[in-house]
Amino acid sequence: MASVEKLPMLAEGYERLTADLKALREERPRIVDAIEEARAHGDLSENAEYHAAKERQGQVEATIADLEDKISRAQIIDPASLSGDKVIFGATVTLLDDDEKPVRYQIVGPYEADARVGRISYNSPLGKALIGRKVDEEIEVTVPSGDKFYSIEKIEFI
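Residues numbered from 1 in each chain as written. Predicted model: local features only at pLDDT ≥ 70, side-chain atom pairs only at ≥ 80, totals over all residues. Heavy atoms only, no water.

(A) Main features of the pattern of salt bridges. Going through the model one piece at a time under the given rule, you end up with 13 salt bridges. We note a salt bridge from Lys-70 to Asp-66, for which the minimum N-O separation is 2.8 Å. Separated by four residues within a single helix, Lys-70 and Asp-66 lie in helix α2 (residues 48-72), roughly one turn from each other. In this structure Lys-70 comes out as buried when scored by relative accessible area, which is 10%. When its relative accessible area of 35% is taken as the criterion, Asp-66 is described as partly exposed. Between Glu-137 and Arg-133 there is a salt bridge, with its nearest N and O atoms 3.4 Å apart. Overall, the relative accessible area of 28% leaves Glu-137 in the partly exposed class. Among the residues examined, Arg-133 registers a relative accessible area of 29% and is labelled partly exposed. Each member of the salt-bridge network shares a partner with another, and the members are Glu-12, Arg-16 and Arg-119. (Salt bridge = Lys/Arg side-chain N within 4 Å of Asp/Glu carboxyl O. Helix = DSSP H or I, 4+ residues; strand = E, 2+ residues; numbered from the N terminus. Buried < 20%, exposed > 50% of the residue type's maximum accessible area, 1.4 Å probe, protein only.)

Take a look at the structure:
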């Protein structure tokens, strides 16, 4: 049974999902053409081109269905319209690690997360530990490399 749970995301994440969906929908006719061309080669039981095109068609259709589901459940949130003194979805949080070195993360949806650019999912271990916390609170997070300790220095909604 499909979930009807809303998926919070930033406008940028929503636009990326809709662009991916558009690109896959545009690929559909090319796949159908590839199947027709491969079918014209004769015996389908030993036709690698046909099987590859059919497999690609299945992958594209499954991805389209997944993207359509995510887009239909999207709840677009503008961080600039938010405020408060607690960490919530969309907040940009500056943390101090054990060495007092500042690190900055924005709390985003799971489909937008990219730690390399400072975006972590609210479902990640660090995201879960941060949600609901305030400035000057300390958190402990267990990650694959071990336990990490952070202090919340600043919460912004930008």
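(B) Expanded view of the UniProt feature "domain: Transcription elongation factor GreA/GreB N-terminal" (unreviewed entry) in the protein chain. Per the UniProt entry, the sites bearing "domain: Transcription elongation factor GreA/GreB N-terminal" (unreviewed entry) are residues 8-76 in this numbering. In the segment residues 8-76, helix accounts for 78% and strand for 7%; the C-alpha atoms at its two ends are 6 Å apart. (UniProt positions renumbered as here; feature names shortened; annotations may be inferred.)

(C) Seen up close, the pairing of strand β7 (residues 146-156). Sheet analysis places strand β3 (residues 92-96) next to β7, joined by five bridges and oriented antiparallel. By the bridge assignment, Thr-92 is partnered in β7 with Glu-156. Of the pairings in the sheet, the one linking strand β6 (residues 138-143) to β7 comprises six bridges and is antiparallel in character. Following the sheet pairing, Val-143 is matched in β7 by Gly-146. (Pairing = 2+ DSSP bridges.)

(D) Summary view of the environment of Arg-25. Within the secondary structure, Arg-25 is located in helix α1 (residues 11-39). Note on Arg-25: relative accessible area 39%, which makes it partly exposed. Expressed as a C-alpha distance, the spacing of Arg-25 and Gly-132, which sit 107 residues apart in the sequence, is 40 Å. Ignoring any residue separated from it by four or fewer positions in sequence, one finds Arg-25 in contact with Ile-64 and Glu-68. (Contact = heavy atoms within 4.5 Å.)

(E) Inspection of the side chain of Thr-94 at higher detail. If you trace the backbone, Thr-94 turns up in strand β3. Aside from chain neighbours lying at most four places away, what touches Thr-94 is Pro-102, Val-103, Arg-104, Ser-151, Ile-152, Glu-153, Lys-154 and Glu-156.

(F) Just unusual backbone geometry, in detail. One non-glycine residue with positive phi stands out, namely Glu-100, at about 65°. Glu-100 sits in the exposed class, given a relative accessible area of 57%. Of note in this structure, Asp-136 is not a glycine but carries a positive phi near 75°. By secondary structure assignment, the location of Asp-136 is in the loop between α3 (125-130) and β6. Judged by relative accessible area, which is 62%, Asp-136 ranks as exposed.

(G) Representation of the nonpolar core within the structure. Among the nonpolar cores identified, the biggest contains 22 residues, and Val-87, Val-93, Leu-95, Leu-126 and Leu-130 are the most heavily contacted of them. Counting only elements with at least two residues in this core, the list comes to β3, β4 (102-108), α3, β6 and β7. Sorting elements by how many residues they give to this core places β4 first, with four residues. With near-sequence residues (within four places) excluded, Val-93 lies in contact with Val-87, Val-103, Arg-104, Tyr-105, Ile-107, Leu-130, Ile-152 and Lys-154. Leu-7, Met-9, Val-60 and Leu-67 belong to the second largest nonpolar core, which has 15 residues in total. (Core = buried A, V, L, I, M, F, W, Y, C linked by side-chain atoms within 4.5 Å.)

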